Amino acid sequence: MRIETISQLKDLRKTNLERMNKHPRTVLICCGPGCLANGAKKISDEFHKVIKDKKIKGFSVEALKETGCHGFCEQGPLVIIEPDGVFYTKVKVRDVEEIIETSIKKKEIVERLLYTNAADGKTYTDYKEIPFYKLQNRIALRNIGKIRQCDIDEYIAIGGYEAMAKALSKMKPQEVIDEVIASGLRGRGGGGFPTGRKWATCAKIDDEPRYVICNGDEGDPGAFMDRAIMEGDPHSVIEGMIIAAWAVGSHNGYIYVREEYPLAVVNLQKAIEQAQALGLLGENILGTGFDFDIHVSRGGGAFVCGESSALMLSVAGEVGEPRAKYIRSVQKGLFDKPTVLNNVESYANVPVIIAKGGKWFSSIGTAKSTGTKAFSLVGKVRNTGLIEVPMGTTLKQIIYDIGGGVIKDRPFKAVQTGGPSGGCLPEEKLDLSVDFDTLTQAGSMMGSGGMIVMDDRTCVVDVAKYFLQFLIDESCGKCVPCREGLYQLHALAVAVSEGRATEEDLDKMEKLSENIVIGSLCGLGKSGPNPFLSTIRYFRDEYLAHIRDKRCPAGVCRALITYKIDPEICNGCMACISACAHEAITGKKKEPHFINQDKCDKCGACYAVCQHNAIEVV
Amino acid sequence: MKHDFSKLPEIFDRYPSAPESLIAVLQDIQKEYNFLPCHALEETAKRLGVPLSKVFSVSTFYNAFSLNPKGEKVIRICVGTTCHIRGSKQIQQQLENLLKIKAGETTEDGKFSIEVVACVGACAMAPVVAVNDEFHGGVTVANVKRLVKTNKKD
């Protein structure tokens, strides 16, 4: 069925909503990346099977919903019973029967599956009351985890595509742009460029055709917000893109997605087909005379293709090497035509801005960074997952109030934001407000939203080395400062980690970093030294410990550590012996074991498996 | 090794015969054969009207493409930041030791390949290892062994 007019869209919404409300009680099964990795698909299959077999009155498989990422990945697989928001954590296939018997047949609660907050020992029934959720404000992630992933009927039922209808029928392109400018929305991919201004520039350029691109090449390791949106709520991105296309007068759009996200590719493709079938994409959308269509372009696994000019070349089937930006891609972008490129999360915000107004959006967050920001809160933090908070929330609130602090209550060392281009911030910076400008001033950056918490067992030299290695691998090699500079910077970082470096080497590294920043062509090189610069700025002592004392305080850098077994504690369980791939550990059962240092390659396997803390790193 | 190239025309038909289809076509070929056979690259160049040198350049630029055959089961170790600080390096080593190949290589019997990938976006479950399309979260040095064992049996 094709929707020809706006009133038909309204009718469809009514029908869909009625159909949705037919099932007052629904079971939401989180099928986000985290829960899937823990077996959510099997749980969903079991629910379907048991519900089919049991034939419960007033409940059918239609009330089972596989949703996108609900956010609290650490507690997954998650199952939520609506409308009460009963929140079951770490669900296993064998729990399914009990959930159905107790929560669906009898409307009671399976106490043992509820969430208990480690901080205060309190058990919660309704997820909305859990601190992890309570302190969040979800705009870009508004639908994820609440509706079936990739289901246009449910998306329309909860008001989807109405903002698009409003823009296309009641607003002139300039009015849409003004609204987005008023909202203060800044690019959520990390750059933070005002979205409205970008659209305004593109709309003014006298050249055709114009293109709208969505950057779904979420390359920052440690970030998965865009993945969650593309998989869980692809229609919000499509709707945002249609509104952008209307604003700048474009008829062709591309979504560039990483190949590493196969489900995102599938769901986006499916969502586009659903929208095309209803006439929400294609020719004469809703009878307004406006034509716009979207194609999915799969990335080839190159980090540099997150950069605008490289991405556009990649969409055109070329090698993704960035070019100098004397002429910006808004003017000459894809196929050398005017192009608007925005991030997934930016587009997901647009429909809400059009529906509720720019003023409403700008009332959230800080004066210069409005709205909210999604983060993937990961690393050595207790509550890992996907969150969205108003701009201006402090790092401390995110890590401690939402994140529940560091795992095993170890000392906090640093939080890394902004991916390979960002930096590490120490404990004394935890009171900083999370917004574009504050983080940049502190030597890190907002980035796309990865927030990686590190404890005292994480070595900052190792982290800097890790990011530099990543950037060497991903540098396209076009310009010398990036290609050779990062290579040398990495070599020096390796020297530090192996205790071979001198203090002069640190000066050299700082000087070299300066030159890389000045001389590189694109953002990859320009921000490449950041992981080093931010760690040396805040953790110079740790670098010096490697250089002067030949010691890695975190016990990570292999050349400087030794693993030892404490014979007093070791009970001879043999776990480390079987874990060691180098046969470096000897000993009999129930007798203390011993590590032969000549054979040990310090891989840490024994340390990881020892249940008795008998192995120490010195 | 002989390959059945009869699927190539079907792959070509999925996309317009234009240079901008190059990456998409190569991705589908990679998916079909688990690598990019030389003959397929030549055919692609002819079909899309791009020089073979450019097909080669694109094939070697992007990580998704491989010019060497991959194993039946590709074990991908996520080495994203979160997985790194949660010990993916140890897991990589354990896997390399168990299968007696390095990352980027394939076992002699053609059963397994090990690859490292910079973030699969399941950071909350770090460290993550994927066997073909099946993801395993919270992998430890101890359960890597079991993972290899069960996959060897299949």
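Every value quoted in this text rests on a predicted model; they were computed, and no experiment measured them.

Parameters at a glance
- Residues numbered from 1 in each chain as written.
- Chains lettered and ligands numbered in written order.
- Predicted model: local features only at pLDDT ≥ 70, side-chain atom pairs only at ≥ 80, totals over all residues.
- Domains from an automatic or database assignment.
- Contact = placed C-beta atoms within 7 Å.
- Helix = DSSP H or I, 4+ residues; strand = E, 2+ residues; numbered from the N terminus.
- Nonpolar A, V, L, I, M, F, W, Y, C, P; charged D, E, K, R; others polar.
- Core = buried A, V, L, I, M, F, W, Y, C linked by C-beta atoms within 7 Å.
- Buried ≥ 20, exposed ≤ 12 C-beta atoms within 10 Å, placed from the backbone.
- Axes fitted to C-alpha atoms, helices over the stretch in contact; angles between N-to-C directions.
- Parallel < 35°, antiparallel > 145°, perpendicular 65-115°, else oblique.
- Left-handed = near helix turned anticlockwise from the far one by under 90°.
- Pairing = 2+ DSSP bridges.

Draft legend 1. Local environment of the domain arrangement of chain A. All names here are of chain A. For chain A, the assigned domains read domain 1 (19–127), domain 2 (152–362), domain 3 (372–455), domain 4 (460–548) and domain 5 (562–617). For domain 3 versus domain 4, the separation of C-alpha centres amounts to 22 Å. Across the boundary between the two partners, domain 3 contributes 11 residues, which contact 15 residues of domain 4. Contributing elements (two or more residues each) for the side of domain 3 that touches domain 4: β13 (412–417) and β14 (423–426). The biggest single contributor to the side of domain 3 that touches domain 4 is β14, with four residues. Here the side of domain 3 that touches domain 4 is composed, by residue class, of five nonpolar, six polar and no charged.

Draft legend 2. Spotlight on the nonpolar core. With 239 residues, the main nonpolar core has I229(A), M241(A), I243(A), A244(A), C606(A) and V128(B) as its most contacted residues. Tallying contributions element by element places helix α11 (residues 234–248) of chain A first for this core, with 10 residues. Apart from the residues lying within four places of it in its own chain, the contact partners of V128(B) are A37(A), C78(B), C83(B), V120(B), A122(B), F135(B), H136(B), G137(B) and V139(B).

Draft legend 3. How the structure looks around unusual backbone geometry. That bond from E82(A) to P83(A) is cis: its omega, 15 degrees, falls within 30 degrees of zero. Within the secondary structure, P83(A) sits in the loop between β3 (79–82) and β4 (86–88). At the junction of A126(B) and P127(B), the peptide bond is cis and its omega measures out at -10 degrees in the coordinates. Within the secondary structure, P127(B) is located in the loop between β2 (112–117) and β3 (129–131). Even without being glycine, Y161(A) reaches a positive phi, approximately 65 degrees. Looking at where Y161(A) falls in the secondary structure, it is placed in the loop between α6 (152–157) and α7 (162–170). In this structure Y161(A) comes out as buried when scored by C-beta crowding, with 27 C-beta atoms within 10 Å. Despite not being glycine, M574(A) has its phi angle at roughly 75 degrees, a positive value.

Draft legend 4. Quick look at helix α10 (residues 225–232) of chain A. Buried residues dominate α10(A), accounting for eight of its eight residues. Within α10(A), the full set of buried residues consists of M225(A), D226(A), R227(A), A228(A), I229(A), M230(A), E231(A) and G232(A).

Draft legend 5. Representation of the packing of helix α8 (residues 173–183) of chain A against helix α9 (residues 195–204) of chain A within the structure. Residues and elements named next belong to chain A. Closest axis-to-axis distance for the α8/α9 pair is 7 Å, and the angle between their directions is 155 degrees. Put simply, α8 runs roughly antiparallel to α9. In the crossing of α8 with α9, the sense of the turn from one axis to the other is left-handed. Of the residues in α9, those in contact with P173, I177, V180 and I181 of α8 are T195, G196, R197, W199, A200 and A203.

Draft legend 6. How the structure looks around the pairing of strand β15 (residues 450–455) of chain A. Residue and element names in this part refer to chain A. With five of six residues buried, β15 lies mostly within the body of the structure. Bridging between β13 and β15 involves five bridges; their strand directions are antiparallel. Bridge pairing links Q416 to I452 in β15.

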